[in-house]
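An overview of the molecular structure
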Amino acid sequence: MVMTSHSTALAANPVLRVPPASPAAAAAYFGASLAFHADVSDVASALAADGDPGFVVLDSRSTASWDQGHIPGAVHLPTALIPEQAAALLDPAVPVVTYCWGPGCNGATRAALALAQLGFQVKEMLGGFEYWVREGFAYETWEGGARRAADPLTAPVDAADCGC
């Protein structure tokens with residue numbers, strides 16, 4: 001077998017050492033990912049629009065974490081309490097978007113799993129509360145409303161959205 005300079009570069013390149021998936025496999029994977037995940041900006045945009053966004057936001061963290069800061073209008077239901085309280089707090093016909101602290105926490109994933117096992121339609125909000133705050137969206141604490149300036153590493157400084 002004769003190796004071309006292109007195939008030599010592919011073999012030496014850690015990104016392409018394992019070749020990309022076929023376009024059909026990539027479309028299936030990324031389509032499935034979007035069925036399971038929502039990002040902070042999309043959730044904020046849907047909540048800010050007039051009318052019912054068509055979903056409820058669920059904060060799966062502890063009461064101390066909730067008091068420290070949470071998304072306005074979110075339902076507070078710690079993951080451990082989902083099996084006994086979800087049916088009383090949530091409408092099974094309304095999709096649920098879960099969040100926890102941030103990308104380093106899998107609490108929203110565990111909450112989404114618990115809700116799905118109970119028959120709820122669910123998505124996980126990527127970035128969690130950390131990215132909600134870092135992108136400059138308003139939040140509530142036990143003391144009242146708050147908002148920080150957008151972090152220029154996570155959100156455009158002078159634009160309504162990132163354009164993606």
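What counts as what
- Residues numbered from 1 in each chain as written.
- Predicted model: local features only at pLDDT ≥ 70, side-chain atom pairs only at ≥ 80, totals over all residues.
- Heavy atoms only, no water.
- Salt bridge = Lys/Arg side-chain N within 4 Å of Asp/Glu carboxyl O.
- Buried < 20%, exposed > 50% of the residue type's maximum accessible area, 1.4 Å probe, protein only.
- Helix = DSSP H or I, 4+ residues; strand = E, 2+ residues; numbered from the N terminus.
- Arc of directions from axis to C-beta.
- Contact = heavy atoms within 4.5 Å.
- Expected span 1.5 Å × (residues − 1).
- Phe/Tyr/Trp six-rings, centres within 6.5 Å; stacked < 30°, edge-to-face > 60°.
- Lys NZ or Arg CZ within 6 Å of the ring centre and 35° of its normal.

1. Comments concerning the pattern of salt bridges
A full pass over the atoms with the stated rule returns three salt bridges. For the salt bridge of Asp-59 with Arg-61, the shortest nitrogen-to-oxygen distance reads 2.7 Å. By the burial criterion, Asp-59 is buried, and Arg-61 matches it. One network of salt bridges, in which partners are shared, links Glu-130, Arg-134 and Asp-151.

2. Details of helix H6 (residues 107-117)
What sets the pattern is the α-helix's 3.6 residues per turn: residues three or four places apart point alike. Every buried residue of H6 is listed here: Gly-107, Ala-108, Ala-111, Ala-112, Ala-114 and Leu-115. All buried residues of H6 lie within an arc of 165 degrees about the axis, which places them on one face of the element. Where the residues of H6 are buried, they touch strand E2 (56-59), helix H5 (82-89), strand E4 (96-99) and strand E5 (122-126). Note on H6: the residue one or two positions beyond its end, Gly-119, has a positive phi of about 100 degrees.

3. A closer look at helix H2 (residues 23-36)
Between the first and last C-alpha of H2 there are 20 Å, a value that for 14 residues agrees with the 20 Å anticipated at 1.5 Å per step. Among the 14 residues in H2, zero count as buried, and that is only a small part of the element.

4. Here we look at the packing of aromatic side chains
Under the definition given, this model contains five aromatic pairs. When the centroid spacing of 6.2 Å and the interplanar angle of 70 degrees are considered together, the rings of Trp-101 and Phe-129 count as edge-to-face. In this pair, Trp-101 is assigned in the loop between E4 and H6 and Phe-129 in helix H7 (residues 128-134), connecting sequence segments 28 residues apart. Using a relative accessible area of 6% as the deciding quantity, one classes Phe-129 as buried. Ring geometry for Trp-132 and Phe-137: centres 5.0 Å apart, planes at 45 degrees, overall tilted. Ring pairing ties together the aromatic residues Tyr-99, Trp-101, Phe-129 and Tyr-139, which thus form one cluster. Its end group placed over the ring of Trp-101, Arg-61 keeps NZ or CZ at 4.4 Å from the ring centre. Directly above the aromatic system of Phe-129 lies the positively charged group of Arg-61, at a separation of 4.8 Å from the ring centroid.

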